[in-house]
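# Structural features, examined
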Amino acid sequence: MTTTSANRAVSRRATLRQKTAKVARWLHIYLSMVSFAVILFFAVTGLTLNHQEWFAKAAKTRLIRGTLPLNTLSNPDEAALVQHFRSVDHVSGAPSDMRVDDSEITVSLRGPGYSADATVLRSSGRYMLVETRNGFWSVLNDLHKGRDTGTAWKWGIDASAVLLTLVSLTGLVLIFFLYKRRTTGLLAAAGGMALVVLLYRLFVP
């Protein structure tokens, strides 16, 4: 290989490194800014999830009694029952479960930090509905877990996971271009991973 060809090869590699570093830096900066709210949300709710006893007294329960027309109970329709409870008793949440036997019908509605359970006597149409609101932090905790949140929110959690993965990977790529900090940065990353594994092995049954 001639000197000119060697210089061109070196120049191409240098240009490629510069472009890679530039793209990685751009992605890392703007993905980090976009994901700021996501990181903050999951960080705060990670703490509150780990200490749910802090909010044990926040739950509020409401007991509701009512009567349904008997002609609606011979062949019960879940959508009609849920609509009645929503319009008459002002409950919320999405239908979660419905069970029917010879004597009674039970209907459950669920949402983040929320539950409503109705028991209907088929012989009389009378029902008792128990609504529980577990408070603001319980709502956030359920959003963190994707519990009773619906399909769209679950997709949002998936998108957040992909976003945070990209932030992590672009940060890892960037460290290779910071020559003076590359070794210490990689050691810090390895140390963090080792610490997580060590905590798991030592303290998790």
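Keep in mind it's a predicted model, so treat the numbers as computed, not measured. (Residues numbered from 1 in each chain as written. Predicted model: local features only at pLDDT ≥ 70, side-chain atom pairs only at ≥ 80, totals over all residues. Heavy atoms only, no water.)

### A few points about the overall build of the protein chain
Helices and strands together make up the secondary structure of the protein chain, namely six helices and five strands. A globule of 205 residues ought to have a C-alpha radius of gyration of about 17 Å, yet the protein chain, at 28 Å, is considerably larger. Overall, the C-alpha framework of the protein chain stretches about 95 × 40 × 25 Å when taken along its three principal axes. Across the 205 residues in the protein chain, those meeting the buried criterion constitute 24%. Pairs at least 24 residues apart make up 54% of the contacts formed inside the protein chain by residues separated by at least 6 positions. Per element, the accessible surface of the protein chain, about 14200 Å² overall, is 63% carbon and sulfur. Computed over 24 positive and 13 negative side-chain charges, the separation of the two mean positions in the protein chain equals 26 Å. (Helix = DSSP H or I, 4+ residues; strand = E, 2+ residues; numbered from the N terminus. Rg over C-alpha atoms; globule rule 2.2 N^0.38 Å. Buried < 20%, exposed > 50% of the residue type's maximum accessible area, 1.4 Å probe, protein only. Contact = heavy atoms within 4.5 Å. Areas by Shrake-Rupley, 256 points an atom, 1.4 Å probe, with all protein chains shown as cover. Lys, Arg positive; Asp, Glu negative; His and termini not counted. Charge placed at Lys NZ, Arg CZ, Asp CG, Glu CD.)

### Some points on the layout of surface pockets
If you add up the space inside the largest pocket, you get close to 160 Å³. Together, Gln-52, Phe-55, Ala-56, Ala-59, Asn-134, Ser-138, Asn-141, Asp-142, Lys-145 and Arg-147 line the largest pocket. Within the lining of the largest pocket, the residues separate by chemical class into three nonpolar, four polar and three charged. (1 Å grid on protein atoms, 1.4 Å probe; cavity = no way out; pocket = protein on both sides within 12 Å on 5 of 7 lines; lining within 4 Å. Points joined across faces, edges and corners; volume = space filled by probe spheres on them. Nonpolar A, V, L, I, M, F, W, Y, C, P; charged D, E, K, R; others polar.)

### Quick look at the nonpolar core
Among the nonpolar cores identified, the biggest contains 16 residues, and Leu-68, Leu-81, Phe-85, Val-91, Val-107, Val-120 and Leu-129 are the most heavily contacted of them. Mapped onto this core, the elements with two or more residues apiece are helix H3 (78–89), strand E3 (104–111), strand E4 (114–121) and strand E5 (126–133). Ranked by residue count, the leading element in this core is E4, at four residues. Apart from residues lying up to four places away in sequence, Val-107 is in contact with Leu-81, Val-82, Phe-85, Asp-97, Met-98, Ala-116, Asp-117 and Ala-118. (Core = buried A, V, L, I, M, F, W, Y, C linked by side-chain atoms within 4.5 Å.)

### Some details on the packing of helix H2 (residues 36–50) against helix H4 (residues 136–145)
Between H2 and H4, the least distance of the axes is 9 Å, while the angle of their chain directions is 115 degrees. When the interaxial angle is binned, H2 and H4 end up roughly perpendicular. Judged by the twist between their axes, the crossing of H2 over H4 is left-handed. Together, Phe-41, Phe-42, Val-44, Thr-45, Gly-46, Thr-48 and Leu-49 of H2 and Trp-137, Leu-140, Asn-141, Leu-143, His-144 and Lys-145 of H4 make up the contact between the two elements. (Axes fitted to C-alpha atoms, helices over the stretch in contact; angles between N-to-C directions. Parallel < 35°, antiparallel > 145°, perpendicular 65-115°, else oblique. Left-handed = near helix turned anticlockwise from the far one by under 90°.)

### Things to note about the environment of Thr-72
On the secondary structure map, Thr-72 appears in the loop between strand E1 (60–67) and H3. Put simply, Thr-72 and Gly-125 are 53 residues apart on the chain and 8.8 Å apart in space, counted from C-alpha to C-alpha. Of the polar contacts made by the side chain of Thr-72, one reaches the backbone oxygen of Pro-69; its length is 2.6 Å. (Polar contact = N/O pair within 3.5 Å; in protein donor to acceptor, adjacent residues only side chain to side chain.)

### Comments concerning the sheet that holds E1
A sheet is described by the order of its strands in space; here five strands give the open sequence E1-E5-E4-E3-E2, paired in antiparallel fashion. Lying at the two open borders of the sheet, with one neighbouring strand each, are E1 and strand E2 (94–100). Neighbour to neighbour, the strand axes of the sheet diverge by 15 degrees on average, direction disregarded. Alignment of E4 against E5, held across seven bridges, turns out to be antiparallel. (Pairing = 2+ DSSP bridges.)

### Comments concerning the environment of Leu-172
With respect to the element layout, Leu-172 can be found in helix H5 (residues 151–175). Overall, Leu-172 belongs to the partly exposed group, its relative accessible area being 39%. Between the alpha carbons of Leu-172 and Trp-137 there is a distance of 34 Å; along the sequence they are 35 residues apart.

### What about the side chain of Ser-115?
Within the secondary structure, Ser-115 is located in strand E4. Beyond its immediate chain neighbours, meaning those up to four positions away, Ser-115 contacts Leu-109, Arg-110, Val-130, Glu-131 and Thr-132.

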